[in-house]
Structure formats: C-alpha cells, structure tokens
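Observations on chain architecture
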Amino acid sequence: MGRYLVTGVGGFVGSAVALALLRRGDAVIGVDNLSTGFRSNIPEGVLFVEADCTDSRLYTELLPKEPYDAILHIAGQGNNEISVEDPAYTLRCNTESTLALVRFALEVQSPRFIYASSMAVYGDPGTDATFAPVTEESPTCPPSFYGVSKLAAEHYLRLYEKRGLKPTILRLFSVYGPGQNMDNMRQGMVSIFMAMMEQEGHIHVRGNPSRFRDFIYIDDVVRAFVACLDSPTSCGRTINISGTGRVQVGDLVEMLRALRGTPVTVEYSGCTADDVFGLHADASTAARWLGYESEVPLKEGLEKMYAWYMKRRNTGERAE
C-alpha cells in the first residue's frame, strides 16, 4: 500500500486519480483550496486539507511532515481566458505552487513528483492540414499566459532534478468525461459544447470547424497517472498523455448533435484569445515508458459522458 499526496483533489482530474488510488488500497492525503473544485467531489477516505498550495501554512502547519511515496501535483489554474485576464494569478497558481510543493517534497524526503502539465506548452502549428503530431521534443513556444506558466513549472522541475527530485511531467491533452464541471462555460471544449446543446439547443463555436484537438477520456488519464507511479523508469521524463488523435472541432460538434436526437443549431463565429488552431500528440513515448495506450474511443466516451450528464440534469444534482 502506498501513501500519496494529491493536489486538486476536489477537481475533475484530481478527484478521479485519488479515487483510483483509494480503490487499489493506497492512502491519499488530498489538498484543494476549493476555488474551482468541490467538496462533494472528494472521494470518501481521503484525508482532506483545505488550503492553497501557495500558502506557507500548508507546509508548516497543515500537512503531515512524513514521507510520501509520491506527490501528484494536479491543482492549478487551467482556464486560458482567466490567464489572459490575470497572468499574475495564473503564475502563482501554476508555477509558484509547484515550487512550494517541490521544496516540501525534498524537505520530507519524498522526491517522487508527478506533475500535470498541458499541451498548452507547445507552440501553435497554424492551419497547415499536414501538420504532424507533436512529440515531447517539439518546440515549446506557448502563445498563452497559461502555457507559459505550465512550461515555467516544468523548467523548475528540471532544475530541482539536479537537487534530488525525481519528477515525471505528464502533458495532458483535451481531457473530458463524467465528473467535469458542466457549469463552467470557460473551460473544457466537450463540456462547454455539451452544456450549450442541452441548455440552449444551440452550440456556439468560437473559431472554425477545421480546428482540431486530441481528446482523452478521464479514465484513460487516470490509468496514465497510475501507470506512472508503477513505472520507475518514467522518472525524469516528459510524456504526452493523449487519446483520440486529431479530431476536427466540426466533427466533434456533429457527434454531440447525434447524441441529442433533436435539432441543435450551430454557429461558428469569433475566437478565443491566445488559443491554438490545433494540436494532437505522438503517443509513442507513453507507450514506451508507461505501457500506456488510450482505450476509450471518442464516440464511446461521449456517450458515457452524455448519459452521466443527463442523469445529473434529471435529478437536479449540482456539485458543491
């Protein structure tokens, strides 16, 4: 049985990872400031600490100063639009929090550190239809404040690796699935479009239908984190965690419309500040070092998410 510290435990990905660890018999200490996460998301059995990862009291007073088998840093500010509005806040949430956790990790002799980074660290390939999937060696020139904050944290992890840290950086692509915050209309392409479709019968897409993403179902993301913990050879590596490969936004919209079975109008107009035209991943590094391949096709994942969302709407359930 392992003992793990998971940040962002009230959020979409953090709560799912914590639950998987509990189910295999591990002990989980969870941290969340509940600014975007929810107490109701936190799995039963987690030793929960409500605090911000940049708060010094977390490390001096609130967290047990005992060794952990690994620290999984999943908390952060993940909204690109908010990063445009408040770059300093995003820097604190994504970069300063990582520095604080790294220092704590070394202090309590817990060098294994798994960091949830993002596809946003890559540059924008533009509109070339022949654009190849990005590898972990592809140029990193993020066009957004969010991407810069995640990449800066990655660089700090590399520096601390020379001081005894054993990090693995997981660059997550477009995560979706049950448990996503369907009330947040500023984060998560699948969740935003699905919520629009059900609430308004209309999907407004900012951008054109030929833009593309690489979507990954939440269960696949969880498997990647667990595989990382079980793979000592992943230490020191940066790994793309992806799912569907290249999927155009227009195709995603049509798959969503097919789920509803009643007419849904679609509008393509406007744009999102600092957003990339499209990214999809080369997944060979994940296969080599984690034995990881995505298992959930997009159609199946959307059907599961839609069924979960409709049940939630029909029962009036809201996260708290």
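Structure report, in brief. What you see is a predicted model; the values in this text were computed from it and never measured.

1. Here we look at the environment of Met 189
Looking at the element boundaries, Met 189 is found in helix α6 (residues 189-200). Beyond its immediate chain neighbours, meaning those up to four positions away, Met 189 contacts Arg 211, Arg 213, Phe 215, Val 249 and Leu 252.

2. Some details on the sheet that holds strand β4 (residues 70-73)
Across a sheet, strands are paired by hydrogen bonds formed along the backbone, either parallel or antiparallel in direction. Strand order in the open sheet formed by 7 strands is β3-β2-β1-β4-β5-β6-β11, with parallel pairing between adjacent strands. The sheet is open, and its two edges are formed by β3 (47-50) and β11 (238-241), each paired on a single side. Mean inter-strand twist for the sheet, computed between neighbouring axes without regard to direction, equals 20 degrees. Looking at chain direction, strand β1 (residues 3-7) and β4 are connected through 4 bridges and run parallel. Paired with Tyr 4 across the bridge in β4 is Ala 70.

3. A look at the pairing of strand β5 (residues 112-118)
For β5, the tally of buried residues reaches 7 of 7 residues, placing the bulk of the element in the interior. Residue alternation in β5 divides its side chains into two sets, Arg 112, Ile 114, Ala 116 and Ser 118 and Phe 113, Tyr 115 and Ser 117, and both sets are buried. Both β4 and β5 contribute to a ladder of 3 bridges, which runs parallel. Its bridge partner being in β5, His 73 is matched across the sheet by Tyr 115. By the bridge criterion, 7 bridges tie β5 to strand β6 (residues 166-172) in an arrangement that is parallel. Following the sheet pairing, Tyr 115 is matched in β6 by Ile 169.

4. What to know about helix α8 (residues 249-260)
Look at α8: 17 Å from first C-alpha to last across 12 residues, which is about the 16 Å you get at 1.5 Å a residue. When we look at burial in α8, the residues that qualify are Val 249, Gly 250, Leu 252, Val 253 and Leu 256. Relative to the axis of α8, the buried residues are bounded by an arc of 155 degrees and lie together on one face. Directly beyond the C-terminal end of α8, a positive phi value near 80 degrees is found at Gly 261.

5. Things to note about the side chain of Asn 94
With respect to the helices and strands, Asn 94 occurs in helix α4 (residues 87-107). Here Asn 94 falls in the buried class, since its relative accessible area comes to 1%. Setting aside residues no more than four positions away along its own chain, Asn 94 makes contact with Gly 76, Gln 77, Tyr 115, Tyr 146, Ser 149, Lys 150 and Ala 153.

6. Here we look at the pattern of salt bridges
Enumeration according to the criterion identifies 20 salt bridges in this entry. Close ionic contact of Asp 275 with Arg 213 constitutes a salt bridge, the shortest N to O distance being 2.9 Å. On the criterion of sequence distance, the pair formed by Asp 275 in the loop between β13 (265-268) and α9 (284-290) and Arg 213 in strand β9 (residues 212-213) is long-range, its members being 62 residues apart. With its nearest N and O atoms 3.1 Å apart, the salt bridge here joins Asp 220 to Arg 223. On the criterion of helical spacing, the pair formed by Asp 220 and Arg 223 is a turn pair, its members being 3 residues apart in helix α7 (residues 218-229). Here Asp 220 falls in the buried class, since its relative accessible area comes to 1%. You can call Arg 223 partly exposed: its relative accessible area is 28%. Among the charged side chains, a salt-bridge network with shared partners connects Glu 81, Glu 85, Arg 186 and Arg 206.

About the criteria used
Residues numbered from 1 in each chain as written. Predicted model: local features only at pLDDT ≥ 70, side-chain atom pairs only at ≥ 80, totals over all residues. Heavy atoms only, no water. Helix = DSSP H or I, 4+ residues; strand = E, 2+ residues; numbered from the N terminus. Contact = heavy atoms within 4.5 Å. Pairing = 2+ DSSP bridges. Axes fitted to C-alpha atoms, helices over the stretch in contact; angles between N-to-C directions. Buried < 20%, exposed > 50% of the residue type's maximum accessible area, 1.4 Å probe, protein only. Expected span 1.5 Å × (residues − 1). Arc of directions from axis to C-beta. Salt bridge = Lys/Arg side-chain N within 4 Å of Asp/Glu carboxyl O.

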